[in-house]
Amino acid sequence: MNNVLLNKKGSRLFLTLVLFFLCSQSVSALDVPPLKGRVNDYAGILAPATVRQLEEVLQRFEATESTQIVLLTVPSLDGASLEDFSLRVVEAWQPGQAKLDNSALLLIAKNDRKLRIEVGYGLEGRLTDLVSGRIIRDIITPRFKEGNFDQGVIDGISAMMATVKGEFAATTGKQGPDNSVDPESLLISLLVFFSILGRMLTRTPWLAAGIGAIIAPLFGALALGLGSLWLLALAVLGFVGGLIAASIAGTAGSSLSRRGYRGRTGGFGRGSSGGFSGGGGRFGGGGASGGW
Amino acid sequence: MKRIMTLGTLLLLLTCILTSCGYNSLQTKEETVFKAWSDIESTLQRRADLIPNLVATVKGYAQHEQETLQQVIEARSRATSIQLSPADLSNPAAMEQLQAAQGELSSALSRLMVVVERYPELKANQGFLDLQNQLEGTENRINVARQRYNEAVEIFNGSIRRLPESLTNKFLLHLEKKEYFKAEEGAKTAPKVTF
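These numbers were taken from a predicted model, which means no experiment stands behind them.

The rules behind these values
- Residues numbered from 1 in each chain as written.
- Chains lettered and ligands numbered in written order.
- Predicted model: local features only at pLDDT ≥ 70, side-chain atom pairs only at ≥ 80, totals over all residues.
- Heavy atoms only, no water.
- Buried < 20%, exposed > 50% of the residue type's maximum accessible area, 1.4 Å probe, protein only.
- Helix = DSSP H or I, 4+ residues; strand = E, 2+ residues; numbered from the N terminus.
- Pairing = 2+ DSSP bridges.
- Right-handed = clockwise from strand over helix to strand, strands pointing away.
- Salt bridge = Lys/Arg side-chain N within 4 Å of Asp/Glu carboxyl O.
- Axes fitted to C-alpha atoms, helices over the stretch in contact; angles between N-to-C directions.
- Parallel < 35°, antiparallel > 145°, perpendicular 65-115°, else oblique.
- Contact = heavy atoms within 4.5 Å.
- Nonpolar A, V, L, I, M, F, W, Y, C, P; charged D, E, K, R; others polar.

Participant: I keep staring at the pairing of strand E3 (residues 103–109) of chain A and nothing clicks. Help me out?
Facilitator: Both faces of the sheet carry side chains from a regular strand, because those side chains alternate between them. Residues and elements named next belong to chain A. Among the seven residues that make up E3, seven are buried, leaving the element largely enclosed by the rest of the structure. Every second residue of E3 is oriented toward a common face, with Ser-103, Leu-105, Leu-107 and Ala-109 on one face and Ala-104, Leu-106 and Ile-108 on the other, all of them buried. Taken together, the seven bridges between strand E2 (residues 68–74) and E3 define a ladder with parallel strand orientation. In the strand pairing of E3, Leu-71 is matched with Leu-106. Crossover connection from E2 via helix H3 (residues 82–93) to parallel E3: handedness right-handed.

Participant: Honestly, the pattern of salt bridges in this entry has me stumped. Any pointers?
Facilitator: Pairing is possible between side chains of opposite charge, provided their charged atoms come close. Summed over the entire model, instances satisfying the criterion amount to 19 salt bridges over all chains. A salt bridge links A:Arg116 to A:Glu118; its shortest N-O distance comes to 2.7 Å. A residue is classified by how much of its surface remains accessible, and A:Glu118, at 0% relative accessible area, is buried. Its salt-bridge partner being B:Lys178, residue B:Glu30 comes within 3.0 Å of it at the nearest N-O pair. Taken together, the residues B:Glu30 in helix H2 (residues 23–61) and B:Lys178 in the loop between helix H7 (165–173) and helix H8 (185–189) connect sequence positions 148 residues apart. With a relative accessible area of 2%, B:Lys178 lands in the buried category. The structure contains a network of salt bridges with shared partners spanning A:Glu124, A:Asp129, B:Arg46 and B:Arg141.

Participant: Would you mind showing me how to read the packing of H2(B) against H7(B) here?
Facilitator: The description of two helices packed together rests on the angle between their axes and the distance between the axes. Residue and element names in this part refer to chain B. Here H2 crosses H7 at 85 degrees, and the two axes come no closer than 9 Å. Compared by their axis directions, H2 and H7 come out roughly perpendicular. Here H2 contributes Tyr-23, Leu-26, Gln-27 and Lys-29 to the contact with H7, which in turn contributes Glu-165, Thr-168, Asn-169, Leu-172 and Leu-173. Of the residues that constitute the contact of H2 with H7, the class distribution is four nonpolar, three polar and two charged.

This is the structure we're talking about:
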């Protein structure tokens, strides 16, 4: 029962943290549009059939290669610098798998007549600035000059895919960003710990709470290398956990640890249910820009 | 038994105070600054590595631009001769010197790119276009690396001045404030390298 309680606490804390980070991001001239899918045609320069085709091709590509290629078209940059905006987009969307950083963005600003290929760290070896520049210069812009956006984008994306093909193999299952802590495993190990502690200190729940408040953040800092906010939260969790564990051990005194493990099935995983999201790839400004 | 427990609790309390007073996090933040700086250095090196090729290519088409080319070569050798050690990041004079040298190289390069405008054959050369893409990409990487470095410095400098980390730093760590890597003076006025 207190497992549920703790889980709720954990997810609420998580939500608060997420909200905090969202609010602390500065708002700038041209906002990054929300990520709709692999093809984000906000400028409306592509035919619906092209969008569907690209979406499908890119999805298949990701399934075999784990590399994510994302397209964004915007009507105008509103005076923002192309490189600046492009970097903000990939920092917000974070396409590619964490640790592999295997992704690229094709950004097209219609009215500015500018485009850019932004390349993640993991693909910089293949899709170099030089190759990106050639794709823009020799493959995409000639089509754009004719006004044939569909063909230009299709050819460009195909060239990008051909360039990076074979660089990464598909990974089994999508991975979330690795630096984020799995709150469940953390809670479970804490629960096991508390059940033992609680049984030891049945008579003195406040001492148990105190020890819990000390050991939980210590464990977080040493074993998981968490930041100070997490540590503070863990101290509170530890205090409450110690208290609860002590009282439960006093009354029922039994199978808390086993119950703790059962809770594992109800987790919140990253959306693998058809929706598309970035996986935490990082970018360092690689790629090339061009215009038509 | 009881004594061991109180001793253990005290020990834990001490460790906790140390961990939550920024003893570890300050050092992590400083390490982030060093890492960000090494990224800047590698992008600057990347730019320096591109220049000999660029000069050679331009030379083939634009013999009359010896002076501009010479300036680029000299600026490059001055810029590459200045390297900062991690300790120099807290040294305003050293940082100033490096920024000046790199800024000079940037403006020499932009002058070269303006001059190149007069040579249509050069501008149609595939090799030159490739080099130009690489140069632009590198300049962009330098910008990104600089931004990230400055962000890391901001976080670090902020935290060594804030309580309770400031106390930890004052009594235990003695880490120094880091210098920002400012945008080059010339970069604001220099003609933009776009074609």
